[in-house]
Amino acid sequence: MKNQSLTNNIDWICIAIYIVLVLMGWLNIYSSSLSSMEGTAEKQFFFILFTIPLIFIVLYVDGKFYEKYASIIYGIGLLSLLGLFAFGKTIAGQRCWYGIGSFTIQPSEFAKAATALALAKYLSDSQINLKDVNRQIQALAIVFLPVMLILPQPDPGSALIYTIFLIVLYREGLPAWYLWTGFCAIVLFVLTLILDPQYVILLALVAIVLIYFKSRLGDRNIVMSSILFALISGFVLSVNYVFTNVFKQHHRDRFNILLGKAVDMKGIGYNTNQSEIAIGSGGWIGKGFLEGTQTKGGFVPEQHTDYIFTTVGEEWGFLGSLLVVGLFVGLLLRIIYLAERQKTKFSRVYGYCVAAILFIHFFVNIAMVLGVFPTIGVPLPFFSYGGSGLWGFTILLFIFIKMDANKVNEW
């Protein structure tokens, strides 16, 4: 009876989109790895097969399990990240994986679901009010504890993903100034890299003065305006030091190329340049499956992982790319729709987290491939090669599908 109820109430639309994305991803991995990466498609096929029992396990477990043990799952996720410093395997300068024979496991991919569960559990408490500063600190600690363990690996791409949880927190009552502060800091950082710091400070001063005089007399505060200007000036003056001494050389090179301050088509900018060539050459309908010249020639490095969308653009063209984008948008909208229908706050918040994580992966990966975002190693969900990524996203999504199917038993 339980299995029949689950079958009747499960959201087959999400599952159908998931299956199509996974299969399309495998076809593009097969194409991109045919010329040089022997065994890659076969491994990915094994990873896909393993998702079948994984999905059944996730759906078989009682929906209340994820809420009841969310804190324990989160703790295990943090321990798995912490263990990398002692037992992790270093690949390409990053200590992000555990080695198990010929396979590797990346715990940060599973920690996303664990963090989403912990955040949903915390916010579902009826006594939690994000207008309270102490509650804000606690919620932000849940989000940024994994970030503090991921950054030293170093894995800035995975660390960036966790910032999307701020959108979920904002949806649940976090003051908007957190988002505005982050947005303004990014704008000031980029402007300082483009312009001289004194010009950025001057622009900030003009903006603060205009806001001050446009405000109502009762809202004007010269002291707060002065403090704000001092903080902005200090931040702007520190940008060059951080960029030079904290960012690694390859990160600086990627920013300089993105901002047009440097041109290096054969070095650090090679990936992006070849990616743009491959996508642009696909035209409206593409060159056909297995017919991509850039893909067959192996011109795009890491094409089966972070740059998998270039295969779509070259072989499937604009229409094929539009189909993939449409599938992702459809999945995101469906998850948000289902999240709004949940009867418990825990399930609703977790649904928002799932949509947020998938969105930032999708957005950053596509932007990175198109050359409008620095290359930071963010995979395309269900598409990019890798067992950890596929399994992590599968668990993330199907926990929510289980929660949604279980909502008929909620009250």
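Definitions and limits used
- Residues numbered from 1 in each chain as written.
- Predicted model: local features only at pLDDT ≥ 70, side-chain atom pairs only at ≥ 80, totals over all residues.
- Heavy atoms only, no water.
- Phe/Tyr/Trp six-rings, centres within 6.5 Å; stacked < 30°, edge-to-face > 60°.
- Helix = DSSP H or I, 4+ residues; strand = E, 2+ residues; numbered from the N terminus.
- Buried < 20%, exposed > 50% of the residue type's maximum accessible area, 1.4 Å probe, protein only.
- Lys, Arg positive; Asp, Glu negative; His and termini not counted.
- Salt bridge = Lys/Arg side-chain N within 4 Å of Asp/Glu carboxyl O.
- Polar contact = N/O pair within 3.5 Å; in protein donor to acceptor, adjacent residues only side chain to side chain.
- Contact = heavy atoms within 4.5 Å.
- Core = buried A, V, L, I, M, F, W, Y, C linked by side-chain atoms within 4.5 Å.
- Pairing = 2+ DSSP bridges.
- Axes fitted to C-alpha atoms, helices over the stretch in contact; angles between N-to-C directions.
- Expected span 1.5 Å × (residues − 1).
- Parallel < 35°, antiparallel > 145°, perpendicular 65-115°, else oblique.
- Left-handed = near helix turned anticlockwise from the far one by under 90°.
- UniProt positions renumbered as here; feature names shortened; annotations may be inferred.

1. Details of the packing of aromatic side chains
Per the counting criterion, the structure on display carries 21 aromatic pairs. An angle of 20 degrees between the planes, with centres 5.8 Å apart, marks the rings of F359 and F363 as stacked. Note that F359 and F363 are positioned in helix 18 (residues 345–369) at a spacing of 4 residues, about one turn of the helix. Classification of F363 by relative accessible area gives partly exposed; the value is 47%. In textbook terms, an aromatic cluster arises when at least three aromatic residues are bridged by ring pairs, as seen for F46, F47, F50, F103, Y385 and W391.

2. Topic: the side chain of D155
Inspection of the secondary structure puts D155 in the loop between helix 8 (133–150) and helix 9 (156–161). Buried and without a salt bridge, D155 has K112 as its closest oppositely charged side chain, separated by 7.5 Å. A distance of 2.6 Å separates a polar atom in the side chain of D155 from a polar atom in the side chain of S158. Sequence-distant contacts of D155, defined by excluding residues within four places in its chain, comprise Q94, C96, Q106, S108 and I150.

3. A short note on the pattern of salt bridges
Where side chains of opposite charge bring their charged atoms close, a pairing between them can arise. Under the criterion given, the structure shown has 7 salt bridges. Between D11 and R334 there is a salt bridge; the shortest N-O distance is 2.4 Å. Of this pair, D11 sits in the loop between helix 1 (2–9) and helix 2 (12–33) while R334 sits in helix 17 (residues 309–340), and the two are 323 residues apart along the sequence. Across this residue pair, the class does not change: D11 and R334 are buried. Of the charged contacts in the structure, one is a salt bridge between R171 and E340, with a shortest N-O distance of 3.6 Å. Here R171 is found in helix 10 (residues 165–171), whereas its partner E340 is found in helix 17, with 169 residues between them in sequence. Judged by its relative accessible area of 44%, E340 falls in the partly exposed class.

4. Description of the nonpolar core
Membership of the largest hydrophobic core comes to 96 residues, with the highest contact counts inside it found for L169, Y350 and F382. For this core, the element with the highest residue contribution is helix 18, accounting for 16 residues. When residues no more than four places from it in sequence are discounted, the contact partners of Y350 are A113, A116, L117, A120, I395, L396, I399, F400 and M403. With 7 residues, the next largest nonpolar core counts V200, I201, I208 and I232 among its residues.

5. A closer look at unusual backbone geometry
Despite not being glycine, F382 shows a phi value in the positive range, around 70 degrees. Secondary-structure assignment places F382 in the loop between helix 18 and helix 19 (387–405). Overall, F382 belongs to the buried group, its relative accessible area being 3%.

6. A closer look at the sheet that holds strand 3 (residues 103–105)
Taken in spatial order, the 3 strands of this open sheet run 1-2-3, and their pairing is antiparallel. A strand with exactly one partner marks an edge of an open sheet, and here the two such strands are strand 1 (89–91) and strand 3. Across the sheet, the mean angle from the axis of one strand to that of its neighbour is 55 degrees, orientation sign disregarded. Taken together, the 3 bridges between strand 2 (residues 94–100) and strand 3 define a ladder with antiparallel strand orientation. Within the sheet, the bridge partner assigned to Y98 lies in strand 3 and is I105.

7. Some words on the environment of A207
Among the structural elements, A207 can be located in helix 12 (residues 197–214). Taking the C-alpha atoms as reference points, A207 and F229, 22 residues apart in sequence, are found 9.8 Å from one another.

8. Focus: helix 5 (residues 70–82)
When the terminal C-alpha atoms of helix 5 are compared, their 18 Å separation across 13 residues agrees well with the 18 Å that a helix rising 1.5 Å per residue should span. Each element contacted by the buried residues of helix 5 is listed here: helix 4 (63–68), helix 6 (84–87), helix 7 (107–123) and helix 8.

9. Some thoughts on the packing of helix 2 against helix 3 (residues 40–60)
Where helix 2 meets helix 3, the axes come as close as 8 Å, and the angle between the chain directions of the two elements is 165 degrees. Classified by the angle their axes make, helix 2 and helix 3 are roughly antiparallel. Once helix 2 is placed against helix 3, the crossing between them reads as right-handed. Counting all contacts with helix 2, which are made through Y18, V22, W26, I29, Y30 and S33, the residues of helix 3 involved are T40, A41, Q44, F45, I48, T51 and I55.

10. Description of the UniProt feature "transmembrane region" (unreviewed entry) in the protein
Here the UniProt feature "transmembrane region" (unreviewed entry) sits at residues 12–32, 44–62, 69–88, 186–213, 222–243, 316–337, 349–376 and 382–401. Secondary structure across residues 69–88 divides into 85% helix and 0% strand, with the first and last C-alpha atoms of the span separated by 26 Å. Taken end to end, residues 316–337 has its terminal C-alpha atoms 30 Å apart, with 100% of it in helix and 0% in strand.

11. Looking at the side chain of Q342
With respect to the element layout, Q342 can be found in the loop between helix 17 and helix 18. A distance of 2.8 Å separates a polar side-chain atom of Q342 from the backbone oxygen of L338. A distance of 2.8 Å separates the side chain of Q342 from the side chain of D404, its partner in a polar contact. What Q342 contacts, discounting residues up to four positions off in sequence, is S347, R348, F400, M403, D404 and K407.

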